Every structure is written in C-alpha cells, then in structure tokens.
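Chain and residue survey
What follows is the residue order along each chain.
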Amino acid sequence: MESEVDLVTPVEKAISLLSKMDLDVFDVSATYSRSISIGILGRGIKEASSLDDLGIGVRAYKNKGRGVTFSQSLDPADVVTTVGKAVAFAKMAQPDPYFKGIPGSSKAPEVTGLFDDEVRALDLEGAAKFAKAMIDETEGVRAGAMFSGNVSGGYWRSYLMTSTGVSFGEEKTHIGAFLSPTYREGGDVGSSFEYDYAISLGEMDFHKIGKKAAEKAVGQFGSRKVESGILPIIISPDSSGSLCSGLLDAISGESAVKGRTFASNCLGKQVAPEIFGIGDDGTIRGAVESSTYDGEGIPRRPTEVVSEGRILTFLHNSYSAGIAGVETTGHAQRGGYGGYVGAGPTNIRVKPGDSSLDEMVAETKRGILVEQGGFFSNMVSGELSSTIDEGFLIEGGERKHPVKNLMVGGYMLDLYTNIEAVSKEGRELGKGHFFPAIKIGRAKLAGK
Amino acid sequence: MRDLLESYVKKGLGSGASFCEVRFFEERSNNVSVENGVAKTLGSGIVRGVGVRVIVADRWGFASTNVLTQKGFDTALADAIGGSRSIREHGREEARVSEAKPITDTIIHEVKVNPEDVSPEEKIKRVLELDKAAKGYSDRVKDTFVTYRDVLTKVVVCNSFGASVEEITPRTYAYCTVISREGDNKQEGFEFVGNVAGYEIIDGIEPNKFSAKAAERAVKLLSARPPPRGTYPIVVDQRVGGLFVHEAFGHNSEGDLVLGGQSIISDKVGEKIASDLVTIVDDPTKIRHGHFVYDHEGTRAKPHLIVKDGTLVAFLHSLESAAKLGGQPEGSARAQSHHNPPIIRMSNTYFAPGDMSFEETLEGIELGVYLAGSQYGYVETQKGQFTAKAEEGWLIEKGELTEHLRDVAVNGLTLEALKNVTAVGKDFKMDMPGMCGKGNQSMYVDAGSPHVRIESIVVGGRR
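Thresholds, definitions, all that
Residues numbered from 1 in each chain as written. Chains lettered and ligands numbered in written order. Predicted model: local features only at pLDDT ≥ 70, side-chain atom pairs only at ≥ 80, totals over all residues. Contact = placed C-beta atoms within 7 Å. Helix = DSSP H or I, 4+ residues; strand = E, 2+ residues; numbered from the N terminus. Pairing = 2+ DSSP bridges. Axes fitted to C-alpha atoms, helices over the stretch in contact; angles between N-to-C directions. Parallel < 35°, antiparallel > 145°, perpendicular 65-115°, else oblique. Left-handed = near helix turned anticlockwise from the far one by under 90°. Buried ≥ 20, exposed ≤ 12 C-beta atoms within 10 Å, placed from the backbone. Domains from an automatic or database assignment. Nonpolar A, V, L, I, M, F, W, Y, C, P; charged D, E, K, R; others polar.

Right, let's talk about the interface of chain B and chain A for a bit. In this assembly, 63 residues from chain B lie in contact with 61 residues from chain A. The element best represented in the side of chain B that touches chain A is strand β2 (residues 38–56) of chain B, accounting for twelve residues. Where strand β3 (residues 65–71) of chain A lies against β2 of chain B, six bridges are found, and the strand directions are parallel. Residue pairing in the sheet places Thr 69 of chain A in a bridge with Ser 44 of chain B of β2 of chain B.

Written out as structure tokens, the structure reads:
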C-alpha cells in the first residue's frame, strides 16, 4: 500500500490552490505512516495489529489571522475542501499582533541514519519473536508474572511545502518495546517496567529489556511507607529525564517568550550549580529525535542550552523567535498532519558529572533513591507535587527497602538550585538523549 | 456504508475468521481559539477510516486504514487476518468472545442547536464575550484563553454476531484558562463545559459565572499558600471526588485489566473492599459527556453497579472479558478511532450520594485538607497506588475551612482509601467532562461525586 501513496501531488495541488487565494503566507504538510504492533497482556502475547495512516494539514494566514485544517484523506475533493476551509477560516480570524511570518528556504547537510531497512522489513511474525524473547527473559529471572506491554515498529514519511519556498520530504523508521511484569506473593506486589526505542533494530536489546523489567519488578517487593521529611533525593537515570524535560519545556516556544512559564524570566540567569549543563542536538546520526530540518524547514543544529548552570538560550520556532527578536533556533515541532506548529527540544544531552550513582548512594546518610517518578510541575507557577512511583529508602549509604505512598513537593527551580551531584554514567535513550543520575540536596517529602 | 462493512464481515468469515468486526469511524471537529481578546485561530479536522478486528485460530488480529477504497478495505482485512496468524505460534492469551444477539439500529443524538447551523462569525463573537468577562475580572489577570470546540462522531459497527449499529454523537465544549500575575508569582485558573449536546450549552453559559469564575480562581490563588506535607484526613469536592472514583478505583474494575493481572481487585468480587458508605456506578446511559447507546462492539449499554455498600459486585466488560470472567457484556468497550481496537473504558463514573451535608463531612476534623477542582490524576492499577491533583484547596481546622491552598496533590493506596471513606455528602454533581487515557487511546468520559471525606491520605506540599 505505502509505495502507492503519493504525498507530493496532493501537497502541490493544495499549494497551487492556496497561491490563488490572496493570502499572506501558507504551508501544507502531508504524512503517511505504517505501524505494526504486538500487544502483550496477561500471560503473554495477546494480539497483533497494523495501521495505515495518512493525512494532509493546511496552515493559512490572512492579515495575520490563522486558519488550520486537516483531513485524513488525500482524495482530490477532500484536499479542495481542506484548503477551502483553511482559507475561509484565515479570512475570518483576527490579526495576531505577534505573528511575523514563516521562514524561507534553507539548505542543510542531510542528517543520516534515520532509516533502517531491517525495521522497514519487519513483519508481525518477526515482532512477535522479539516480544517472546523479551517475555522469556523476564521469566528466566522469575516465572509467574502477568504482563502488559508491546513491541511496535514502523515507517513514516512526510512532505512539507510552504509559500516561502520551503519544500522537503523526510522518512524515518522507529522500533520500540515496553514490558511491565507484575508478580504477586501473598498480599505483596512486585511490579515495574522497562522500555527502549530506536531508529534501527540493531540498537534494540529485547533480552535486556525483559531481564531489567523483571529485576526491577522483583526489587519492588516489600515496599513500605516512610515518614515525611526534608531529605536528599537521588534521581536515577531512568527518571531524571522528566526533570530535564520539564525545564526545557518551560523555555520553549510561545509560552516561554510570552511570560507564561516558571522559567520565562530565566534567560541568561543561573538556575543550577556550575556542574550542571544541558545540550540539545537534533543532528545526531541515527537518533530518534533527529532530523535534517525542523517542522518549518529550518536546519537542525546543536544548541548549548544550559551551561555551567546558566540558561543560554530559549528553544524557538519562528513565531517565538519573532516575539523575542532573535533568530529561530530550529526547534519547530510539527505534529504530523495536524497543521499546528509548536516548539520543543530534540535529543536532550545532560552534561555528565564526575560522580556515580553508587557513590551518590554511598555518600547519603538518609535519603530517597527515585527510580520512577514524574517531575512534572505546574508549567505556569513551577510548583511541583509528584508521587515517587518507584523508589528506595537510603540509610547509612545503602538501599534499605522500596518505598510507597510517598510524594515530593517543591518548586521546579528550587530542585535545580539544590543539585549537588551529577553522575558520569547515565542512560542513552533513542540513541540521542543522555540522562545521568542527579542528586538534589534537599527535597520536601510527604509520607506517613 | 453498512452494506460495505457487512460484506467485509462475510469476507472475514470466509477467510477463516471465527469472529469478524468491521467498524467505520468518522469525527469532524471545529474550533475557535481566542487569546487575550484576539480570535487568532479557527480550525477544523476530519478523522475518518475503518478498523477490522478478527479472531483466527484463537488469536486476535486488528488492522486499520484511512484509505477507504476497495483496495484499502481488502488490505485491512488481509492485514488483520495475517496479524492473528502471525502470533499463532507465540501467542499465549486465547482470544474468545461472548456470544451476542443480532441487532440492527441507528441512533442519532438530537441537539437543540446544531453547531453546524451557527456561523463561525457568531462563534467568534460568543468566544470573545467569554474572553472579555475573564479579562475584565481584575487587573491582575495577565492572560486569557478561551477555546470553543464542537465534535461530531459517527461510528458504524458490523460484526459476525449480526450487529449492525450506527450512532452519531455531537459534543460541544468551551474552555477558559486564565493566568494571573503579581510580581513573579503566576497562577492559573480554569473553567470548562462539555457534554453530548449542541451549541445550546454555549448559549447557556453566563460569562460572569464561567470565565469570570476561572479568573477569580486564578487571582485568588495568588495569595493562597502551599498545603502542609504529610498524612491528613481530606474532604474532596464533587470534581475531585469524581477524579478519585475514576482514577483510584474505576480503572481497577476494567475487565481487560482484571484478566491481564493488572488490577488490585481481580480476586475480590463479592468481598468487602470499601466502607459501607461506598457505592460506585458507571452509567453510559446518563446524558453526560461519557454517554453512548451502543459501545464499539455493538453491545447496547446499560448502567453498571460496581461497588454496592462497600462490596465489589462486578467488573466492566467487553465481549472478551465477559466470556473469560463469566460476566455479561453490557457495553463498555470503546475505541478512540478506527486506528484502535475497542478496549474497556469507563463512561460516566460516579460515587453515589449519601445523606450528609457538606458541613457534616467536615465535622470533627482537627486538621485536614479540602480539595476542590480536578486537574489530573493517574493510577498504577497493578499496585493500587493513585495520585490526584486538585486546582485548589483549603485547610480544614476544627471542622472549618480556613486558609486557601494551591498546588494540592494527594497520593493514596486504593484499597486503604476506599476503606477510609468516613463521610459521604448528599450534594451529588457530575461535572467533569474530560478525556481518559488508557493503552494509547483517549476516550470521552465524565465523573461525579458528592463531597466525600477520606481519612489518612498523603498530601504533597511544600511546607
């Protein structure tokens, strides 16, 4: 089916129609994807599924008013309707005083390694074998689990044209796996999960996912409540991603430059100790979040975002860059064919420190090791009140027991100010992200 | 369309399927977004396609496509059948469904004012009015956002039990978000309406009770304090009570999670799992946001009593979970779109009212926390641990609401919390139209409750 899906003709047809409509600017994107998935539930593999998806999205501006439409059909008649609605909406919308236009064409060296023939050729039978390997590995650690999870893979391509001369196509593959085993023993539960994702099959280790999921789940037996207090927390590489993403989201795009996030006034300011840094790089070969161009056709580039604890730049698309009076940083994100364009990070690289997770634990008299927990704050106020979904009490430099029913509260920026150590080792995700362990010296914990 | 779907059901059976379901899905949406008095975006979208689900040799296969040509249908059917065959060797969970009687029906939910009959210009004018009421509330209001949305969903389900049902459901919404500011202190307030309804619910909005309410909340939160940390008795309002009943308990009652070993109550039917004051119902027949007449397996929906006076009575079922757990399929399987197979979802889930006044639910609390307005929640059903975040709260001191609190979140263990319900109000409301996420699918739901008091809940906080 996919070889027959032509994205270029409907996009060109839409552009041709739009060019006759007396608009300021416009763009059109179309996407086709095919995905397969092996669903795991209960004792093992439960179902096999496949999906063919396509659509076209139109963004039109007239007198700085915006019309955005999409359709899950590339039929010529539907393309005409989708364009017609976008134009009508743009003419009815009111001028956005912040809108300054959309970018023109730029050329960039191609970011390679984003397509894997093995993933492209993967069928459900092959995916089922990987799912079985993952489950077998879990049962090798301990039998008797009930599971939820999946192995999924697929192929995606898109084509974007704008009235300002941008015209490019992209294609990518993806493969991912998630496994959550749950063991029961009397009234006790040991449950956890493990996952990974990549562009290429060669980057995936299904056996490792199954083994690690089982070990983590078994390690959760005997969880206990702990008292409230102010203690150091060590956020493991499995969990520090949410802490880092939370800050990057708060310095991305429109909300950041319009003063609507907790970090809006932090540009150029010291928010963490000098040991802490974050880079963003959408050009890493073979990484899941990489691409040659961003969602508006601006070349991706490496960006030093936080250096020695100081925020050096916000992450911009053309809209937020226009408000800030700077050049876009190439962080426009276009979510498929929906038509809307936001801004956000690509591959997040936290600068490794000189400590290690084991050293951090050994040096902690009493604290909490957070293995899973979403450090998602209120984006406006920066206030945070999150559950430690999986964690361990540390006493005398050792892991004592898993914890439950425990929350951490505070301000996002206070957590950053209180960073005491960053590990040199960490977790690579999607071949692009790097997240180390991070120790926060003081965190407010709510428990029994 | 039905003839076409039915012909592919026959083709599925002819290709070796013991069960075949072909489902057409179409969703048309329109929206108007106003930011700080400017209607800067108008939008619309069409989601449309077909999903095919089969059982071949006791294994499930599913495939979907947006390509509604004969070739697209043929490919989807072949993919679904090929999918089930691909896991013949490694599949461990047998696919089985409960027999259903043939049914042919068409349901079109009527509205008083069809959103399609209201011009975009009129919608813009109305949304600007709502925005103005928020903006004008106070000079501490920094930013205002009002969004209007209407959605028309058409689902046609045909299956090999002889189901051939079509349901067309309109839903209409308005959301208002306000950001207030005083120095570096920024806060947010929300208000929303949404239901299986037409434009009449937008006409019925009183700006001073809707957007001005969001603004009032945002402004008052500027001077609210963080909650105390620790374990306290809590009293929840109707929205947080709805969030609690949905997240903390409801997901645990979904038959697919029970079957999959992912529920903390999987072996507890007939057992006392909650205090006598707790009765929990999921009712898709109520005309609220989670309302439907037929689920996406073609089963007519009925109200489901899940917990009665503290005893677990039943789970929510699909055709599969009913067959495997011995229950009755009563219409709880829905899918986000044609790209997803139906899975078990709550609809309008509620905590049944008791007989206490709000004041009585607070009585005797020396120090506790009152939570109001739901923001979000999640649950780890396999462990029975939940988290719920409220928009705001108040300290309860000696049975009275005192200090205004912000950023209030709570965490609890489901079975402990249900047993620790010690007071249930009579002031029931179902007013939480939202979307519930499960298995990468998002679904229309609603939830309700009276005021409810729960002892010994962990309150996250910053002091």
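Residue and element names in this part refer to chain B. Across the interface, helix α3 (residues 120–135) lies against helix α5 (residues 211–221) with an axial gap of 7 Å and an inter-helix angle of 30 degrees. The orientation of α3 with respect to α5, classified from their angle, is roughly parallel. For the element pair α3 and α5, the recorded crossing hand is right-handed. Here Leu 130, Asp 131, Ala 133 and Ala 134 of α3 come into contact with α5, specifically with Ser 211, Ala 212, Ala 214 and Ala 215.

Moving on: the pairing of β3 of chain A. Residue and element names in this part refer to chain A. With seven of seven residues buried, β3 lies mostly within the body of the structure. Burial of the side chains of β3 extends over both faces: Gly 65, Gly 67, Thr 69 and Ser 71 are buried on one face and Arg 66, Val 68 and Phe 70 on the other. Taken together, the seven bridges between strand β2 (residues 44–62) and β3 define a ladder with antiparallel strand orientation. Note that in β3 the partner of Lys 62 across the bridge is Gly 65. Hairpin remark: β2 followed by β3, antiparallel, with two residues in the connecting loop; positive phi at Asn 63, about 50 degrees.

Another point: the domain arrangement of chain A. All names here are of chain A. Partitioning chain A into structural domains gives domain 1 (2–218) and domain 2 (223–448). Relative placement of domain 1 and domain 2: their C-alpha centres are 24 Å apart. At the junction of the two partners, domain 1 supplies 36 residues and domain 2 supplies 27 residues. Elements with a minimum of two residues in the side of domain 1 that touches domain 2: β1 (25–42), β2, β3, β4 (146–162), β5 (167–185) and β7 (194–198). When residues in the side of domain 1 that touches domain 2 are grouped by element, the largest group, five residues, is from β2. Here the residues of the side of domain 1 that touches domain 2 are counted per class, giving 18 nonpolar, 13 polar and five charged.

Moving on: the packing of helix α4 (residues 124–141) of chain A against helix α5 (residues 206–218) of chain A. Residues and elements named next belong to chain A. For the pair α4 and α5, interaxial distance at closest approach is 7 Å and the crossing angle is 35 degrees. Of the two elements, α4 crosses α5, and the hand of that crossing is right-handed. Side by side, α4 and α5 meet where Phe 130, Ala 133, Met 134, Ile 135, Asp 136, Glu 137, Thr 138 and Val 141 of the first sit next to Phe 206, His 207, Ile 209, Gly 210, Lys 211, Ala 213, Ala 214, Glu 215 and Val 218 of the second. Looking at the contact of α4 with α5, its residues break down into ten nonpolar, three polar and four charged.

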